Every structure is written in C-alpha cells, then in structure tokens.
Amino acid sequence: MLEFKHVTKRYSGGKPAVNDLNLKIEKGEFVCFIGPSGCGKTTTMKMVNRLIDVTEGSILIDGKDITKQDPVKLRRSIGYVIQHIGLMPHMTIKENIVLVGTLLKWPQEKKDKRAKELIQLVNLPEDYLDKYPHELSGGQQQRIGVLRALAANPPLILMDEPFGALDPITRDALQEEFKKLQKELDKTIVFVTHDMDEALKLADKIVIMRAGEIVQADTPDEILRNPANEFVEEFLGKDRLIQGRPDVTTVGQIMSESTVTIETTETLKIAISKMRDKRVDSLLVVDSSNVLKGYIDVEMINLNYKKVSYVYEVMDSEVLAVSKESLLRDTVHKMLRRGAKYVPVIDESHRIAGIVTRATLADLVYDTIWGDGLEIEEPVVSKA
Ligand code: ADP
Ligand code: MG
C-alpha cells in the first residue's frame with residue numbers, strides 16, 4: 001500500500017531530517033510513528049502527500065511512485081489530519097466536512113448525503129451540520145477534522161498528532177472512538193504521536209524514530225517484549241515491572257477510594273484549610289455531582305491568592321484521569337512517563353471513583369520485585 005525506499009530528506013547541507021528510511025505499510029494497517037520532537041515524524045508524513053519533496057529515494061503508493069502523480073490530485077486522494085484542525089471559521093460544519101467534495105465538484109445532493117452519513121459515525125446530532133466551528137468544543141471540532149479527512153473516502157489517511165491539543169479525557173474518548181472507526185472502515189492509517197500511551201493503544205505497528213532514522217518497527221507486543229535498545233526501553237517506561245502480577249490487572253482493583261476533593265464554587269480559603277487538614281498539597285476539583293473538573297495545588301493558590309477568590313478561577317482543567325477498567329499497565333505507564341504523583345479514577349459519567357497514587361504503585365512494584373527475586377538498581381517510584 002505505502003512503501004518508503006531509501007528515503008532521505010535534507011533541508012540544508014547539514015544532517016538529514018530523515019535518513020535512509022525503509023518501510024512497508026500494508027493495506028488496512030494502523031501504523032504509529034513515535035519519537036522525540038525533531039526526529040523527523042512530520043517531515044516523513046509531508047513527504048507522503050508531497051507537501052515536502054524527497055531528497056533521495058522514493059515513496060510508492062500501491063506500487064506507483066508518488067513523484068509521477070499530479071501533486072494536487074495526490075493530496076486530494078489522501079486524508080490529512082493535523083493538530084490544529086484548521087476548520088474554516090466562516091464555513092458551516094457541513095461545508096467543512098465536504099470541503100474536498102467541493103474541490104472535486106460533487107453535486108450538492110452528494111455532499112449533503114455524505115455529510116449526514118459521516119456525522120453519524122462520531123455520534124454527533126445532524127443539526128450540528130448547520131453550526132459554525134466556534135459553536136463546537138475542541139473535541140467536537142477535532143472529530144469534524146477527522147470526518148473531513150474521511151469525506152472523499154480516501155484509502156490512506158495521514159494524521160499528525162491529531163489529538164495532541166485536547167484535554168486528556170477528550171483525548172482518551174477520541175482515541176477509543178477512532179480506533180473503532182478505523183476497524184469498521186478498513187483504512188490504512190499513518191499516525192504520528194509523541195505519546196507512547198497513544199501508540200500502544202492504537203497501533204497495529206509502532207515505528208520508533210530517532211534523529212531521522214527508524215530504531216525499531218514492530219507490533220506493540222513485540223516492542224514491549226523485546227525493545228531493540230535502551231532508547232526504546234526508556235521510551236516505554238518502566239512499567240514492565242508490574243506485569244509479573246497477573247492477579248492485578250485493572251485500576252479499579254488497586255485504587256484507593258478515599259479522595260480529597262473540593263467543589264469549583266468553593267473559596268481558595270476553604271481549599272487551603274482542606275489541604276492543611278488532610279495533609280495534601282493538591283485537591284481534585286469537582287462540580288456538585290462529583291464530576292471531575294480539574295485540580296488545584298498549593299502553588300496555584302499561592303500565585304493567585306491576592307487576585308482571585310474561587311477555586312474555579314485558579315484550577316487547571318488539564319487533569320489526566322483514567323477509568324476503573326483501564327489496564328493497570330497503561331496507567332502506570334502514563335504516571336511514570338508524565339511524572340504524575342497521582343491519577344484520579346473516574347466512572348462512565350466522569351464522576352470520581354477513586355485515586356491511584358505513586359505510593360500505591362510503590363507497594364505493587366516492590367511486591368513484584370520481591371516475588372520475582374529481581375534486584376533493582378534504581379528505585380523507580382520512590383520519589384513520590
Ligand atoms: P518531528 O515532527 O518529529 O518533531 P520534524 O519532521 O518537524 O520533526 O523535523 C525534523 C528535523 O527537520 C528537525 O531537526 C527540524 O528542525 C528540521 N526541519 C523541519 N522542517 C524544516 C524546514 N522547513 N527547514 C529546515 N529544517 C526543518
Ligand atoms: Mg511534528
């Protein structure tokens with residue numbers, strides 16, 4: 001379906017941004033490119049739809065060299081989703097979804113029909129088609145960005161950190177939705193991320209890049225089992241220690257149910273006294289139905305105490321949360337990689353169900369190590 005043959009890209013005389021890349025992607029595969037910032041992920045994507053020209057080597061789609069095709073036609077035949085979706089603000093959602101159809105001069109009935117079909121795929125009501133982008137939330141806009149890429153039914157879709165700008169809860173939801181959608185539609189997807197959680201969750205194959213080169217390309221399982229080198233291990237995090245405990249698999253089984261929360265409408269003064277009482281430096285912020293809205297910590301209060309009075313004015317709504325059913329493996333991963341001290345656990349309605357802290361994990365990790373008789377050189381979670 002998509003093949004890279006000795007592909008190199010040099011922007012200037014210096015080190016190549018992509019160096020002798022060789023890779024075959026099969027039809028229907030979901031491939032995630034992952035690697036640190038600047039390793040050449042975006043460059044690789046843009047060479048596929050010829051937004052950037054290859055310096056050496058060739059890229060083939062269905063066996064045909066892309067340089068032999070008209071770049072505009074090529075681009076319209078490939079879906080492309082990027083982080084800042086770039087919906088057209090003056091166009092309705094419908095016009096945005098069928099943008100490529102308009103370029104391809106589809107008749108109006110065909111566009112209407114296609115827009116209705118598509119909006120159902122992401123469980124948004126049909127009357128959203130007549131709204132404008134600014135009337136939708138970030139997550140909804142990103143769904144529309146995905147639909148726009150699907151509109152002309154391209155067999156190949158390129159996605160460059162498409163969910164990178166979303167809050168963690170919306171991102172999780174969209175990942176699940178998208179993975180399901182991809183299975184149903186049988187598309188070939190090339191997906192760029194710098195988030196290993198995302199790659200492990202979505203990919204059939206993960207391509208790990210470093211400084212313009214492929215370090216390892218394999219299934220998530222194989223990469224977890226046999227990381228090619230220390231760089232890959234580092235990227236994976238240290239959660240493999242936990243896998244020796246088959247009896248503990250989901251977050252719900254190990255979380256603590258005693259969480260310390262505060263309502264959005266409370267004052268900062270109350271927040272401080274609650275922290276003092278409970279001897280914590282951070283509170284989970286909830287609404288009156290115990291739905292998680294964010295968190296607040298001592299530093300945030302300190303910085304703002306003179307200026308504002310209420311929790312909702314200071315809280316950070318970017319809080320990583322997991323569901324009770326989440327695999328422990330994935331959760332540990334997230335915590336260690338992001339340096340989170342804890343992660344709240346939520347139910348289907350986003351209400352707080354409990355919390356997993358580094359202390360909880362430390363117990364587990366040490367149990368595991370004792371059980372395995374392994375030695376550990378470096379304490380992994382004892383920094384908590
Ligand atoms: P990633 O998407 O993995 O973060 P990029 O593909 O954007 O990485 O960049 C790879 C390398 O190429 C980086 O060193 C970056 O600075 C360089 N680069 C990217 N775009 C350009 C450009 N237009 N001109 C010169 N250098 C560039
Ligand atoms: Mg990039």
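Residues numbered from 1 in each chain as written. Chains lettered and ligands numbered in written order. Predicted model: local features only at pLDDT ≥ 70, side-chain atom pairs only at ≥ 80, totals over all residues. Heavy atoms only, no water.

### Section: the overall build of the protein
Okay, so step 1: Regarding its fold elements, the protein presents 16 helices and 16 strands.
Okay, so step 2: For 384 residues, the compact-globule estimate of 2.2 N^0.38 gives 21 Å, and the C-alpha radius of gyration of the protein, at 23 Å, lies within 12% of that figure.
Okay, so step 3: The principal-axis extent of the C-alpha atoms belonging to the protein is close to 70 × 55 × 40 Å.
Okay, so step 4: Of all 384 residues assigned to the protein, the portion counted as buried reaches 50%.
Okay, so step 5: Counted over contacts in the protein with a minimum sequence separation of 6, partners at least 24 positions apart contribute 63%.
Okay, so step 6: About 19,300 Å² of surface is accessible on the protein, with carbon and sulfur atoms providing 48% of the total.
Okay, so step 7: Side chains of the protein give 53 positive and 59 negative charges; the mean places of these two sets differ by 5 Å. (Helix = DSSP H or I, 4+ residues; strand = E, 2+ residues; numbered from the N terminus. Rg over C-alpha atoms; globule rule 2.2 N^0.38 Å. Buried < 20%, exposed > 50% of the residue type's maximum accessible area, 1.4 Å probe, protein only. Contact = heavy atoms within 4.5 Å. Areas by Shrake-Rupley, 256 points an atom, 1.4 Å probe, with all protein chains shown as cover. Lys, Arg positive; Asp, Glu negative; His and termini not counted. Charge placed at Lys NZ, Arg CZ, Asp CG, Glu CD.)

### A few points about the site of ligand 1
Okay, so step 1: Residues in contact with ligand 1, as listed here, are Tyr 11, Ala 17, Pro 36, Ser 37, Gly 38, Cys 39, Gly 40, Lys 41, Thr 42 and Thr 43.
Okay, so step 2: At 3.0 Å, a backbone N or O of Gly 40 approaches an oxygen atom of ligand 1.
Okay, so step 3: At 2.5 Å, a side-chain N or O of Thr 43 approaches an oxygen atom of ligand 1.
Okay, so step 4: When isolated, ligand 1 has an accessible area of 560 Å², and the protein chains bury 54% of it. (Near = heavy atom within 4 Å. Polar contact = N/O pair within 3.5 Å; in protein donor to acceptor, adjacent residues only side chain to side chain.)

### Topic: the sheet that holds strand E7 (residues 156-160)
Okay, so step 1: Spatially, E6-E7-E8-E3-E9-E10 is the arrangement adopted by the six strands of the open sheet, whose pairing is mixed. Edge positions in the sheet fall to strand E6 (78-82) and strand E10 (213-218), since each has one partner strand and no second. Neighbour to neighbour, the strand axes of the sheet diverge by 15° on average, direction disregarded.
Okay, so step 2: Both E6 and E7 contribute to a ladder of five bridges, which runs parallel. Among the inter-strand pairings, Ile 82 is bridged to a residue of E7, identified as Asp 160.
Okay, so step 3: The sheet contacts of helix H1 (residues 41-48) involve strand E3 (30-34), E6, E7, strand E8 (188-193) and strand E9 (205-210), and relative to E7 the element is tilted by about 150°. (Pairing = 2+ DSSP bridges. Axes fitted to C-alpha atoms, helices over the stretch in contact; angles between N-to-C directions.)

### Quick notes on the side chain of Asn 49
Okay, so step 1: With respect to the secondary-structure elements, Asn 49 resides in the loop between H1 and strand E4 (56-61).
Okay, so step 2: Since its relative accessible area comes to 1%, Asn 49 is described here as buried.
Okay, so step 3: If near-sequence neighbours (up to four positions away) are discounted, Asn 49 is found in contact with Leu 74, Arg 75, Ile 78, Tyr 80 and Leu 158.

### Concerning the pattern of salt bridges
Okay, so step 1: Tallied over the entire structure, the rule returns 13 salt bridges.
Okay, so step 2: One salt bridge in this structure joins Glu 117 and Arg 114, with 2.8 Å as the shortest N-O distance. Of this pair, Glu 117 and Arg 114 both sit in helix H5 (residues 108-121), three residues apart, which is roughly one turn of that helix.
Okay, so step 3: Given the relative accessible area of 18%, Arg 114 is considered buried. (Salt bridge = Lys/Arg side-chain N within 4 Å of Asp/Glu carboxyl O.)

### Side note on the nonpolar core
Okay, so step 1: Counting residues in hydrophobic clusters, the biggest one holds 44 residues, and the most contacted among them are Ile 97, Ile 144, Met 196 and Ile 206.
Okay, so step 2: A total of five residues in this core trace back to one element, the largest contributor, which is helix H6 (residues 138-150).
Okay, so step 3: In this view, Met 196 contacts Ile 34, Ile 206, Ile 208, Phe 235, Leu 236, His 333 and Arg 337; residues no more than four positions away in its chain are not counted.
Okay, so step 4: Judged by nonpolar contacts, the second largest core, of 26 residues, contains Leu 2, Leu 21, Ile 25 and Ile 61. (Core = buried A, V, L, I, M, F, W, Y, C linked by side-chain atoms within 4.5 Å.)

### Quick notes on the packing of H6 against helix H7 (residues 168-185)
Helices that pack against each other are described as a pair by the angle of their axes relative to one another and the distance between those axes.
Okay, so step 1: Between H6 and H7, the least distance of the axes is 11 Å, while the angle of their chain directions is 20°. Taken together, the axis directions place H6 and H7 in an arrangement best described as roughly parallel. For H6 against H7, the interelement crossing comes out right-handed. Counted together, Gly 139, Gln 142, Arg 143, Val 146 and Leu 150 of H6 and Thr 170, Leu 174, Glu 177, Phe 178, Leu 181 and Leu 185 of H7 form the full contact between these two elements. (Parallel < 35°, antiparallel > 145°, perpendicular 65-115°, else oblique. Left-handed = near helix turned anticlockwise from the far one by under 90°.)

### So, the packing of H5 against H6
Okay, so step 1: Relative orientation of the contacting elements H5 and H6 amounts to 130°, with a least axis distance of 10 Å. Accordingly, the angle class assigned to the pair H5 and H6 is oblique. Note on packing geometry: the crossing formed by H5 with H6 is right-handed. Across the interface between the two elements, Arg 114, Leu 118, Ile 119 and Leu 121 from H5 touch Ile 144, Leu 147 and Leu 150 from H6.
Okay, so step 2: Among the residues forming the contact of H5 with H6, the class breakdown is six nonpolar, no polar and one charged. (Nonpolar A, V, L, I, M, F, W, Y, C, P; charged D, E, K, R; others polar.)

### Things to note about the domain arrangement of the protein
Okay, so step 1: As far as domains go, the protein holds domain 1 (2-240) and domain 2 (251-369).
Okay, so step 2: Distance between the C-alpha centres of domain 1 and domain 2: 32 Å.
Okay, so step 3: The interface of domain 1 with domain 2 comprises 15 residues on the first partner and 15 residues on the second.
Okay, so step 4: The contact between domain 1 and domain 2 buries some 1,300 Å² in all, and 50% of this surface belongs to carbon and sulfur atoms.
Okay, so step 5: Taken together, the links from domain 1 to domain 2 amount to zero salt bridges.
Okay, so step 6: The interface formed by domain 1 and domain 2 holds zero residue pairs in polar contact (both at pLDDT 80 or more) in total.
Okay, so step 7: Counting residues per element, the ones that place at least two in the side of domain 1 that touches domain 2 are H7, helix H8 (196-202) and helix H10 (230-236). (Domains from an automatic or database assignment. Buried area = accessible area lost by both parts, 1.4 Å probe.)

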